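# Commentary on secondary and tertiary structure
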Amino acid sequence: MKCLGIESTAHTFGVGVVDFNGSILSNEKAVFTTASGGMVPHEVAKHHREVCDTVFKKALEKANVKISDISLISYSHGPGLSPALIVGKDFAKRLSQDNNIDIIGVNHCVAHLTIGTLVTDAVDPVYLYVSGVNTQVIALASGKFRIFGETLDIGLGNALDKFGREAGLGFPAGPVIEKMAIKGKYIELPYTVKGMDVSFAGLVTKTKQLLDAGVSKEDLCYSMQEVCFAMLAEISERAMAHCEKDELLLIGGVGANKRLISMLKKMCSSRNAKFYSVPLEYAGDQAAMIAWQGILEFRAGKRIKEIDIYPYERVDDVEVIW
Ligand code: ATP
Ligand code: FE2
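Described below are features of the structure shown in this document. Keep in mind that this is a model prediction, so the values were computed, not measured. Counting from 1, residues in each chain are numbered in the order their sequence is written. Chains carry letters and ligands carry numbers; both start at the beginning, A for chains and 1 for ligands, and go up in the order they are written. Confidence filtering applies because this is a predicted model: local features only for residues at pLDDT of at least 70, side-chain atom pairs given and counted only at 80 or more, and all residues used for totals across whole chains, interfaces and linings. With hydrogens and water set aside, each side-chain value is computed from the structure's full complement of heavy atoms.

## Structural notes on the nonpolar core
Judged by nonpolar contacts, the single largest core of 48 residues is most densely connected at Leu156, Phe163, Phe200, Met224, Leu248 and Leu264. Comment: elements are numbered from the N terminus, with helices defined as DSSP H or I runs of at least four residues and strands as E runs of at least two. Looking at this core, the elements that each hand over two or more residues are β6 (126-130), β7 (135-141), α4 (156-166), α5 (174-181), α6 (201-212), α7 (217-243), β11 (247-251) and α8 (258-270). In terms of residue count, α7 provides more of this core than any other element does, 13 residues in total. Any two residues having at least one pair of non-hydrogen atoms within 4.5 Å are treated as being in contact. In this structure, Leu248 is in contact with Pro125, Val126, Leu128, Ser236, Met240, Leu264, Met267, Cys268, Lys274, Phe275 and Tyr276, ignoring residues within four places of it in sequence. In this structure, Leu72, Leu113, Tyr276 and Tyr282 belong to the second largest nonpolar core, which totals 33 residues. Among the buried residues, those of types Ala, Val, Leu, Ile, Met, Phe, Trp, Tyr and Cys that are joined through side-chain atoms within 4.5 Å form a nonpolar core. Exposure categories follow from relative accessible area, calculated using a 1.4 Å probe and restricted to protein chains: below 20% of the type maximum is buried, above 50% is exposed, and the middle band is partly exposed.

Here it is, written out as C-alpha cells:
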C-alpha cells in the first residue's frame, strides 16, 4: 500500500509517495522564493496553484507509480498560511474524489517530528524543532507531544530571515548567513533564555542597529549564529535533563545548519547522550513527512469527517494514537 502526501503550509508545495512499510519512493517540491524577502500569502498560493500539477506528475514518475496504485492521500491541514493551505487541501480533495481514494489531513509540525524518527535511529528523543515560524523543544509525554520550551516571540528561521532582509541577503537568508558566518568574528549580542524559553526579537533589533552603524555583515552573521545556537543548546540540555531522555533529534529547516549541528553534538556528547539530525532532504518542509504521518494515523484507525484546514493547530493539540 502507498500513500501520496501533499504539503502546502508555507513556501513549499510538495508531493511525495511513501510505502506503508516506510520506504520513501519520491519527494518532489517547488519552493516559492523572492529576492526581496518575506511571503505574501496570496502570492504563495498563486505559486502553489501554478506548480501543483507539475510537482504531482513528477512525484508519481519518480516513484514509478500511477494514481491507481495509491491507497491513501494525506495533506497538511495546518498550521500555516490559510490561502496556501487551501491550495493543498483542494488539490488533495480533487484527487481523492476523482480517483475514489481515502483522504486524511495531518498536522505539519507533528509530521516534522515523526519523519525524524523514521529516517534516523532515534527512538524517543527530545526534539529540537527549529524552522521559520517555530522554535520549540518537544518531547512525547503521556500521549501527546508536549512543548517544554519555545520562543516567546519569533522563530529562529524568521529571525535570521528578518536580519537577512535588512542586510539584503535575499530569502531564505539562513543558508547565506551560514556561509557568511565563516568569515566573521564575535561581537556581543543579547542572549535571552527564560527558563526553558528563548527570545530572538531583541537580538534582531540589535543586529539592525549594528548594521546601520556599519558593523560588518560577516561579523553579525557569525555572532547571531553563535548566540542563538548557544541559547538552543542550553534549553535542549535542560529539557533532556528534565525529561530524563538521552537522545536529541534536530528537525526543521534551520537544522540544515552545520554550526548548529556541531554545537548540539558537543553538548550531547558531554552528557553521554545521542545526537541525531534529520538528513537535509527531510529537515525542511516536504511532503514525504505528510505521507508518513498520514500512514501512521490511518493505520491507527483515524478517519476524517471533514476535509478542512486548521491554520492555528499546535503540535500539542494532536492526540498521539499511533
Ligand atoms: P514551519 O515548519 O514552522 O512551518 P517553515 O515552513 O518556514 O516553518 P522550514 O522549511 O522548516 O520552515 O525552514 C525554513 C527556515 O530555515 C528559513 O527561515 C531558512 O532561513 C532557514 N534555514 C534554511 N537553511 C538554513 C541554514 N543552513 N542555516 C540556518 N537557517 C536555515
Ligand atoms: Fe515546516
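## Some details on the coordination of the iron ion (ligand 2)
Only nitrogen, oxygen and sulfur atoms count as donors, using a 2.8 Å cut-off from the metal that widens to 3.2 Å for Na, K and Ca. Water is left out, so coordination shells may look unfilled. Ligation of the iron ion (ligand 2) by protein atoms is provided by His108 (NE2), His112 (NE2) and Asp285 (OD), these donors lying 2.0 to 2.2 Å from the ion. The geometry test gives tetrahedral to four donors whose angles all lie between 85 and 135 degrees, gives square planar to four donors and octahedral to six donors whose opposite members are over 155 degrees apart with all other angles between 65 and 115, and gives irregular to the rest. Around the iron ion (ligand 2) sit four donor atoms, and with donor-metal-donor angles ranging over 90 to 145° the site reads as irregular. Along the chain, the residues donating to the iron ion (ligand 2) are arranged with the sequence spacing H-x3-H-x172-D. Here the residue His108 occupies a position in helix α3 (residues 108-119), and Asp285 occupies one in the loop between α9 (280-283) and α10 (288-299), the gap between them amounting to 177 residues.

## Observations regarding the side chain of Ser131
On the secondary structure map, Ser131 appears in the loop between β6 and β7. Look at Ser131 and you get buried, because its relative accessible area is 7%. Sequence-distant contacts of Ser131, that is, excluding residues within four places in its chain, are made with Leu156, Gly157, Asn158, Gly252, Gly253 and Val254.

## A closer look at α6
Compared with the 16 Å implied by 1.5 Å per residue over twelve residues, the 17 Å span of α6 between its first and last C-alpha is a close match. Contacts from the buried residues of α6 go to α4 and α7. Where α6 ends, the next residue or the one after it, Gly214, has phi of about 95°, a positive value. The span expected for a helix works out to 1.5 Å for each residue beyond the first.

## Structural notes on the packing of α5 against α7
The angle between two axes is taken between their N-to-C directions and runs from 0 to 180 degrees, where each axis is a line fitted to C-alpha atoms and a helix contributes only its stretch in contact. Interhelical geometry of α5 versus α7 gives an angle of 105° and a closest axis separation of 8 Å. Taken together, the axes of α5 and α7 are roughly perpendicular relative to one another. Between α5 and α7, the residues in contact are Ile177, Glu178, Met180 and Ala181 and Lys217, Glu218, Cys221, Tyr222 and Gln225, respectively. Its residues placed into classes, the contact of α5 with α7 shows five nonpolar, one polar and three charged. Any angle from 65 to 115 degrees is called roughly perpendicular, while one under 35 is roughly parallel, one over 145 is roughly antiparallel, and all others are oblique. All amino acids are sorted into three groups, where Ala, Val, Leu, Ile, Met, Phe, Trp, Tyr, Cys and Pro are nonpolar, Asp, Glu, Lys and Arg are charged, and the leftover types, Gly among them, are polar.

## Thoughts on the sheet that holds strand β1 (residues 2-7)
With mixed pairing, five strands are arranged side by side in an open sheet as β3-β2-β1-β4-β5. What marks the edges here is a single partner per strand, and that holds for β3 (24-31) and β5 (102-107). Recorded for the sheet is a direction-independent mean angle of 20° between the axes of neighbouring strands. Sheet topology places β1 next to strand β4 (residues 72-78); four bridges connect them, and they run parallel. Across the sheet, Gly5 pairs through a bridge with Ser74, a residue of β4. In short, DSSP must find at least two bridges between two strands for them to pair.

## Regarding unusual backbone geometry
In this chain, Gly78 is followed by Pro79 through a cis amide linkage whose omega measures -5°. Along the chain, Pro79 turns up in the loop between β4 and α2 (82-99). Look at the link from Phe171 to Pro172: it is a cis peptide, with omega at -5°. Looking at where Pro172 falls in the secondary structure, it is placed in the loop between α4 and α5. Unusually for a residue other than glycine, Asn100 sits at a positive phi of about 55°. By secondary structure assignment, the location of Asn100 is in the loop between α2 and β5.

## A closer look at the packing of aromatic side chains
Where two aromatic rings form a pair, the distance of their centres and the angle of their planes describe that pair. Ring geometry is summarised as follows: Phe, Tyr and Trp rings, the Trp one being its six-membered ring, pair when their centres sit within 6.5 Å, and such pairs are stacked at plane angles under 30 degrees, edge-to-face over 60 and tilted between the two. By the definition in use, this model includes four aromatic pairs. Relative to Phe91, the ring of Phe56 has its centre 5.6 Å away and its plane inclined at 75°; by these criteria the two rings are edge-to-face. With a gap of 35 residues between them, Phe56 in helix α1 (residues 41-63) and Phe91 in helix α2 connect regions that are remote in the sequence. The class of Phe56 is buried, set by a relative accessible area of 13%. In this structure Phe91 comes out as buried when scored by relative accessible area, which is 4%. Arranged with centres 5.7 Å apart and planes meeting at 90°, the rings of Tyr127 and Phe145 form a pair that is edge-to-face. With a gap of 18 residues between them, Tyr127 in strand β6 and Phe145 in strand β8 (residues 144-150) connect regions that are remote in the sequence. Side by side, Tyr127 and Phe145 carry an identical accessibility label, which is buried. Joined through ring pairs, the aromatic side chains of Phe13, Phe56 and Phe91 make up one cluster.

## As for the pairing of β1
Of all six residues making up β1, five are buried, and the element is well covered by its neighbours. Across six bridges, the pairing between β1 and strand β2 (residues 12-19) is antiparallel. By the bridge assignment, Gly5 is partnered in β2 with Gly16. What sits between β1 and β2 in their antiparallel hairpin is a turn of four residues.

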